[in-house]
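Single-letter residue listing:
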Amino acid sequence: MNPKIGARFRSVVCDTEVIVVRPIAEDVDLRCGGHPMIGMDDAPSLGAALDPEFAGGTALGKRYVDLTCGLELLCTKPGKGTLSVSTEPLTVKDAKPLPSSD
């Protein structure tokens, strides 16, 4: 899939939903819980189970990034699956520290 800014995706194995905040120009294998994510209007395939290796969960309002390709997602609904690009898990983006007011 080629995620565009504002595109929304959901997991087929848990409740996770995300929106693309920073897109990339190339196709990417976006996954959650070890299975490919689908568009919000697409029907999930039946029988998919959460992969135990990708069961770290997602948190509401957190931004997830792939440091190699630059893709950034915002979690709009948390779930039990781990977000990944192919088999590489995404990391939670840290907040920028505020400047000190000495």
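Structural notes, computed from the coordinates. (Residues numbered from 1 in each chain as written. Predicted model: local features only at pLDDT ≥ 70, side-chain atom pairs only at ≥ 80, totals over all residues. Heavy atoms only, no water.)

## Thoughts on the overall build of the protein chain
Here is the rule: Counting from the N terminus, the helices are the DSSP runs of H or I reaching at least four residues and the strands are the DSSP runs of E reaching at least two. The contact definition used throughout considers only heavy atoms, calling two residues in contact when any of these lie within 4.5 Å. Here the accessible surface of atoms and residues is derived via Shrake-Rupley with a 1.4 Å probe, and residues count as covered only by protein chains that are part of the display. Working convention for charge: Lys and Arg count positive, Asp and Glu count negative, and His plus the chain ends are omitted. Note that the charge is assigned to NZ on lysines, CZ on arginines, CG on aspartates and CD on glutamates.
Scanning the protein chain from N- to C-terminus turns up 0 helices and 10 strands. Taken from the N to the C terminus, the helices and strands of the protein chain come in the order β-β-β-β-β-β-β-β-β-β. Based on the C-alpha atoms only, the size of the protein chain along its principal axes is roughly 60 × 30 × 25 Å. Sequence separation of 24 or more characterises 57% of the internal contacts of the protein chain that already satisfy a separation of 6 or more. For the protein chain, the exposed area adds up to about 6200 Å²; of that, 53% sits on carbon and sulfur atoms. Each charge class in the protein chain was averaged separately, 11 positive and 14 negative side chains, and the resulting centres sit 6 Å apart.

## Considering the sheet that holds strand E10 (residues 91-92)
Definition in use: A strand pair is defined by DSSP finding two or more bridges across the two strands.
In spatial order, the strands read E5-E1-E2-E7-E6-E10; together these 6 strands make up an open sheet with antiparallel pairing. Single-partner strands in this sheet number two, and they are strand E5 (38-39) and E10. Bridge count for strand E6 (residues 63-65) against E10 is 2 bridges, and the pairing is antiparallel. Its bridge partner lying in E10, Tyr-64 is registered against Val-92.

## As for the pattern of salt bridges
Test applied: Only one rule defines a salt bridge in this text: a Lys or Arg side-chain nitrogen within 4 Å of an Asp or Glu carboxyl oxygen. Under the scheme applied here, a residue whose accessible area is under 20% of the maximum for its type counts as buried, over 50% as exposed, and between as partly exposed, the area being computed with a 1.4 Å probe on protein chains only.
Summed over the entire model, instances satisfying the criterion amount to 5 salt bridges. Residue Arg-22 is joined to Glu-72 by a salt bridge in which the shortest nitrogen-to-oxygen separation is 3.2 Å. Pair noted here: Arg-22 is in strand E2 (residues 17-22) and Glu-72 is in strand E7 (residues 72-77), with a separation of 50 residues, a long-range link. For Arg-22, a relative accessible area of 46% corresponds to the partly exposed category. In this structure Glu-72 comes out as buried when scored by relative accessible area, which is 1%. With a shortest N-O distance of 2.8 Å, Asp-29 and Arg-31 are connected by a salt bridge. The exposure class of Asp-29 is partly exposed, given its relative accessible area of 30%. Residues joined in a network through salt bridges with shared partners are Arg-22, Arg-63, Glu-72 and Lys-93.

## Things to note about the environment of Cys-69
With respect to the element layout, Cys-69 can be found in the loop between E6 and E7. In the structure, Cys-69 is positioned 35 residues away from Gly-34 in sequence and 19 Å away in space, judged by C-alpha atoms.

## Considerations on unusual backbone geometry
Positive phi outside glycine occurs at Ser-86, with the angle close to 60 degrees. As for its position among the elements, Ser-86 is in the loop between strand E8 (83-85) and strand E9 (88-89). Residue class for Ser-86 comes out partly exposed when judged on its relative accessible area of 33%.

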